[in-house]
Each structure stands twice: as C-alpha cells, then as structure tokens.
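Tertiary structure, described
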Amino acid sequence: YKKGIESMKETSSTFKNYLTSTCDICKVNFCDKCDELNCFKCQEGLLLQENICVPECSDGYYKDGYNCLKCEHGCRNCNNSSECYICNEGLVLLN
C-alpha cells in the first residue's frame, strides 16, 4: 500500500475522545476524518479501502468516489458492484 505515498507526510488527524475529553490521533495512517476505531475519509489523493488509506484500489475492489468498494464474489476486477470484467483464476465470465 505504500506505492505512490512515500513522499506524503505520514500524519493523521485528531478526533474528540468523549470518554477522556481529549483529542486523540487517528489510528489509521493518512486519515483525515476518524473516530477512535475507523477512518471515514483519507487525506487528499488517497482512497479508503477496508479502513486503510491507499493510493489505488486493490484487485477485487473498485473506486466509488473516495472509497474502494468490494467487487462481487469471484470477481478480480470490476467497474462497480455488479459489472465484473475479469474473474478470479479458475472462473469464467458469463454474459
């Protein structure tokens, strides 16, 4: 996941911890908006995939705004949740 983000400053934003009444740092690197467990928005130029900030979506995910969402089961590359164009090995794409 480091590809393309080596030059970015590895910082995260803070969030209000209501239990301790303090500002705590986001636990996800390169996160811009978070709570104590989850990142909701990554820094500019990055996408949020499975609570990790990445420069591009991995195989099995597609870009939807600022997020990487999972393709249908068995799909390696897709345009959206229902439009698969490359299947996982051993599977065949049917039209």
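Here is what the cut-offs are and how they apply
- By convention here, each chain's residues receive numbers from 1 onward along its written sequence.
- Selection of residues for local features in this predicted model requires a pLDDT of at least 70, selection of side-chain atom pairs for listing and counting requires 80 or more, and totals for whole chains, interfaces and linings are taken over all residues.
- Side-chain numbers here rest on the full set of heavy atoms in the structure, without hydrogens or water.
- The secondary structure listing takes helices from DSSP runs of H or I that are at least 4 residues long and strands from runs of E that are at least 2 residues long, numbered from the N terminus.
- Only protein chains enter the accessibility calculation, which uses a 1.4 Å probe; a residue whose area is less than 20% of its type maximum is buried, one above 50% is exposed, and one in between is partly exposed.
- Here, two residues are considered to be in contact whenever any of their heavy atoms come within 4.5 Å of each other.
- Residue-level accessible areas treat just the shown protein chains as cover; the underlying method is Shrake-Rupley with a 1.4 Å probe.
- One number per residue, pLDDT, summarises how confident the predictor is, and it ranges from 0 to 100.
- Put simply, a disulfide is two cysteine sulfurs that come within 2.5 Å.
- Buried Ala, Val, Leu, Ile, Met, Phe, Trp, Tyr and Cys residues that are joined via side-chain atoms within 4.5 Å together make up what is termed a nonpolar core.

**Concerning the overall build of the protein chain**
A tally of helices and strands in the protein chain yields zero helices and ten strands. Helices (α) and strands (β) of the protein chain occur, in sequence order from the N terminus, as β-β-β-β-β-β-β-β-β-β. The 95 residues of the protein chain split such that 29% are buried. Expressed as a percentage of contacts within the protein chain between residues at least 6 apart in sequence, the contacts between residues at least 24 apart total 13%. Of the roughly 6800 Å² of accessible surface on the protein chain, 50% is carried by carbon and sulfur atoms.

**Some words on the confidence of the model for the protein chain**
Close reading of the predicted structure is inappropriate where its pLDDT is low. The share of residues in the protein chain with pLDDT of 70 or more is 82%, and the mean pLDDT across the chain is 83. Mean pLDDT in the protein chain bottoms out at strand S1 (residues 14–17), which sits at 76, and peaks at strand S5 (residues 47–49), which reaches 97. Confidence drops under pLDDT 50 across residues 1–10; counting only partners more than four residues distant or on other chains, this segment forms 20 contacts.

**Points about the state of the cysteines**
The tally for this structure, following the rule as stated, stands at six disulfides. Linked covalently through their sulfurs, Cys 26 and Cys 34 form a disulfide whose S-S length is 1.9 Å. When the S-S torsion is -85 degrees, as for the bridge of Cys 26 with Cys 34, the disulfide is left-handed. You can call Cys 34 buried: its relative accessible area is 13%. One disulfide in the model links Cys 42 with Cys 53; its S-S distance is 2.2 Å. A torsion of -90 degrees about the S-S bond marks the disulfide between Cys 42 and Cys 53 as left-handed.

**As for the environment of Cys 84**
Position of Cys 84 relative to the elements: it lies in strand S10 (residues 83–87). With 22 residues separating them along the chain, Cys 84 and Tyr 62 place their C-alpha atoms 10.0 Å apart.

**A few points about the nonpolar core**
If you look at the biggest cluster of nonpolar residues, it comprises eleven residues: Phe 15, Cys 26, Val 28, Phe 30, Cys 31, Cys 34, Cys 39, Cys 42, Leu 46, Leu 48 and Cys 53. For this core, the secondary-structure elements that each account for two or more residues are strand S3 (31–34) and strand S4 (39–42).

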